[in-house]
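# Working through the structure, step by step
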Amino acid sequence: MESILDSISLFGHGLAAALFGALAIWQFQRKVERNDKHIWLIVAIALTSFWALTIAVEGSLSPISRFSETLRNFGWLAFMFILLRAGEGRDEPKAVNVIYAALTFVLVGQTLVDSLLPAFSGSPRLEEVTLYTSLVLRMIFAVGALVLVHNLYSITAPETRWGIRLPMAALAAIWTYDLNLYTITYLTQQIPIELHAMRGPMMAVIAPILVLASIRNTEWTLKLSRSVAFRSLSLVAIGSYLLMMIVIATALQIIGGDYARLAQISFLFGTTIGALLLLPSGRFRAWLKVKLTKNFFQHRYDYRSEWIRFTDTIGRPGADSAPFHERVIKAIADITDSPAGLLLMPDEAGQLVLQSRWNWSMVEVPARACTARTTAFFEDTGHIVEFDTLRAGLDEKCDASAIPDWMKSDPRAWVAVPLVHFDRLAGVMLLARPRVNRTLDWEDLDMLRVVGRQVASYLAESRSQESLSEVQRFDEFNRRMAFIMHDIKNLVSQLSLLAGNAKRHADNPEFQADMIATLQDSARKMNGLLERLSQHNKANPEEPKPVRIADLIQATIEKKRLLHSLESAQIEDLTIFADPARVEQILGHLIQNAIDASAENEPITINARRRDLSVAIEVCDQGTGMSNEFIRSQLFKPFASTKQGGFGIGAYEARELARAMNGRLEVESTEGVGSRFTLILPLAKHLSGETPADERAA
């Protein structure tokens, strides 16, 4: 029997040494970016190959085998440490760093203790103490290493866990085997040669797993989760496992017999295979979470972490994030481990309709998703409906007529959560049955009520934002319409004056030509107004450019002289820097206001002169004038006017247009005497190579 075990150990460890050696060479020759993670991975694999080779040559209990095992453990410990430090995201927990330091100290102590064994070979008592100390240190390292593996996997963000799942499972298998081996040795006070012999084949099986892991994750990158924390529950799990090992090993030792070792080996492999099958299962993890929460914790939820996760899911920024309503569903579903959900919201008629769905594409939701009683029932009661209880006829608080048939008939429907905001129903959340079916307790109901109210406020805010945006669009349309109506009024006034003058000068050929030109200009302006009114009009104003002011004023006078008498006392030949269309529009407003305020036989004067580095264009009338109080408080306010039927837009629009060209509008007025509006625009420095007079003088 012993010779068979020796052969198994020799060939098993030899095969493991060959596989890990080949894996190290393959990693070294791969065309990937060299960094600390790859270097330490190669080192750890090479040290594992060296360890397996020393056992195959010297045996598992030789000093060189003990030392090579320490080197192997140090290599993998360093690899995990570098992998964690290189992780993207938040900093690693300090508790994990403390464990790394403690395990490094254990490895150093283990090396020192192993080096003392030859010195105490002549003293049985000291040699026994040293052996047990070394054994305890190896057990401590195995426990700490398993804790680190668990925490490194736990603090990794879910989207990057796939990349380290296989290597972490391989390392967990290595140290789980070591823990069982040394625990059985410690408890039975005998060396289990069968377990030592099977260690080699077990390592040979792990090598292909690391190959597959290297192929899947060539860059060995991980991202730390936002909920980075030290998961001390792994210590409880490992402690419970050790306690179970003590009880079972003691029982097997008491039973004794030829089958004791066989039972130990069977137990070891059975627990290892069971762990590898059950732990990756999402259903098993959900079941375990429910049982642990129910039996070991006072509260089901870690409210701080749940709230952080909830707000992070709701407010996750970025173009790659899910739509808002899907994030709302996921935020509530994550709290109860529900895998899917639906969000129903009121439409314009107040009827609940499907707004969004998350991971639940199979259910057919009618166009009218709820009954006539649904909204009133949820608003009055805020009752959370458990469909299993409702189907069993045990929910006395629920009005069955308020729950539509399609909800009650779908077996996946688990809970309906009303989203009530200030006694108004903002929506209803329908959650799918979780992986591990359970009934809701008081803590679940309290949590769902709180997050339901919070989500309702988010939905109400979102709807308010949509309404505000719609109101703003209407406001922008109304503002544009107000300006256009004012311009239309000016055009109507011009055409009315033109029609009145046509009665007296219709036979004058010169007047007829000017009238046709004025009508054409009015038609052009009306078409421009229609274009401005369109929501599809994307035309931008012209960029400011040098404009000769005398030509612009003269063209304006020519267009307006049929409507009223216009004079120009002084127009200097200056050049402004502005948009000519805007300047013409401003002058049109000012001249029209002057015409409206003046008697028919009172002329309007237009002047243009230089003022420092600007040009001042004056429009003066001898009309009714305005009070200082009106100028100060109402003149430039929209919809304030002293004229009968006036819109109160002209002066406001003229001032805004002037500001858009880095200019300004000044006004002086006296009641019963008249008004003077002065448009100030920046002077252009050059035009066709000419220099202003003050610059030439300098």
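See the structure above.
The notes below deal with the structure included here. All residue numbers refer to positions counted from 1 along the written sequence of the respective chain. Since the coordinates come from a predicted model, pLDDT governs what is reported: local features require at least 70, and pairs of side-chain atoms require 80 or more to be given and counted, while whole-chain, interface and lining totals use all residues. Side-chain descriptors were evaluated using all non-hydrogen atoms of the structure, hydrogens and water having been removed beforehand.

### Let's talk about the pairing of strand 2 (residues 352–358)
For two strands to be treated as a pair, DSSP must find no fewer than two bridges joining them. Every helix listed is a DSSP run of H or I at least four residues long, and every strand listed is a run of E at least two residues long, numbered separately from the N terminus. Bridge count for strand 1 (residues 341–346) against strand 2 is 6 bridges, and the pairing is antiparallel. Residue pairing for strand 2: Leu-344 is matched across the bridge by Leu-354.

### Some details on a nonpolar patch on the surface
Side chains of Phe-50, Ile-64 and Phe-67 sit close together on the surface and give an oily, nonpolar patch of about 240 Å² of accessible area. Within the element layout of this structure, Phe-50 appears in helix 2 (residues 36–58). Any residue under 20% of the maximum accessible area for its type is buried, any over 50% is exposed, and the rest in between are partly exposed; the area is computed with a 1.4 Å probe on protein chains only. What makes Phe-50 partly exposed here is its relative accessible area of 35%. In this analysis, a patch consists of residues with relative accessible area above 30% that form no salt bridge, clustered at 9 Å for like charges and at 5 Å for the nonpolar side chains Val, Leu, Ile, Met, Phe, Trp and Tyr. All accessibility values rest on the Shrake-Rupley procedure with a 1.4 Å probe; residue burial counts only the protein chains present in the view. Salt bridges are defined as contacts in which a side-chain nitrogen from Lys or Arg sits within 4 Å of a carboxyl oxygen from Asp or Glu.

### Points about the environment of Ile-680
Here Ile-680 lies in strand 12 (residues 674–682). According to the relative accessible area criterion, Ile-680 is buried, its value standing at 3%. Considering only alpha carbons, one finds Ile-680 and Asn-662, 18 residues apart in sequence, at a separation of 8.9 Å. Apart from residues no more than four positions distant in its own chain, Ile-680 is found in contact with Arg-611, Ser-614, Val-615, Ala-616, Gly-663, Arg-664 and Glu-666. When checking whether two residues touch, look at their non-hydrogen atoms; a contact exists if any pair is within 4.5 Å.

### Brief notes about the sheet that holds strand 1
Either a parallel or an antiparallel arrangement is found when strands of a sheet pair, and the pairing is made through backbone hydrogen bonds. Pairing is antiparallel across the open sheet formed by 5 strands, whose spatial order is 2-1-5-4-3. For this open sheet the edge positions go to strand 2 and strand 3 (385–386), each flanked by a neighbour on one side alone. Of the strand pairs in this sheet, strand 4 (residues 413–421) and strand 5 (residues 424–432) are connected by 8 bridges, and their pairing is antiparallel. Within strand 5, the position partnered with Ala-413 by the bridge is Ala-432. Between N-to-C directions, angles span 0 to 180 degrees; the directions come from axes that are lines fitted to C-alpha atoms, helices contributing only their stretch in contact. Across the face of the sheet, helix 12 (residues 324–335) comes into contact with strand 1, strand 2, strand 4 and strand 5 while running at roughly 75° to strand 2.

### Here we look at the packing of aromatic side chains
Ring geometry is summarised as follows: Phe, Tyr and Trp rings, the Trp one being its six-membered ring, pair when their centres sit within 6.5 Å, and such pairs are stacked at plane angles under 30 degrees, edge-to-face over 60 and tilted between the two. One pass over the full model with this rule turns up 7 aromatic pairs. Seen in terms of ring centroids, Phe-141 and Trp-175 are 5.9 Å apart; in terms of plane orientation they differ by 80°. Their pairing is edge-to-face. With a gap of 34 residues between them, Phe-141 in helix 5 (residues 124–154) and Trp-175 in helix 6 (residues 162–188) connect regions that are remote in the sequence. Across the pair, Trp-175 and Phe-141 agree in class, each one buried. Between Trp-307 and Phe-310, the aromatic rings sit 5.3 Å apart at their centres with planes inclined by 25°, giving stacked as the arrangement. On the criterion of helical spacing, the pair formed by Trp-307 and Phe-310 is a turn pair, its members being 3 residues apart in helix 11 (residues 303–314). Through successive ring pairs, a cluster of aromatic residues spans Trp-307, Phe-310 and Tyr-458. Lysine and arginine charges are scored as sitting over a ring when NZ or CZ, respectively, is within 6 Å of the ring centre and within 35 degrees of the ring normal. Above the plane of the ring of Trp-51 lies Arg-72, whose end atom (NZ or CZ) is 4.6 Å from the centre.

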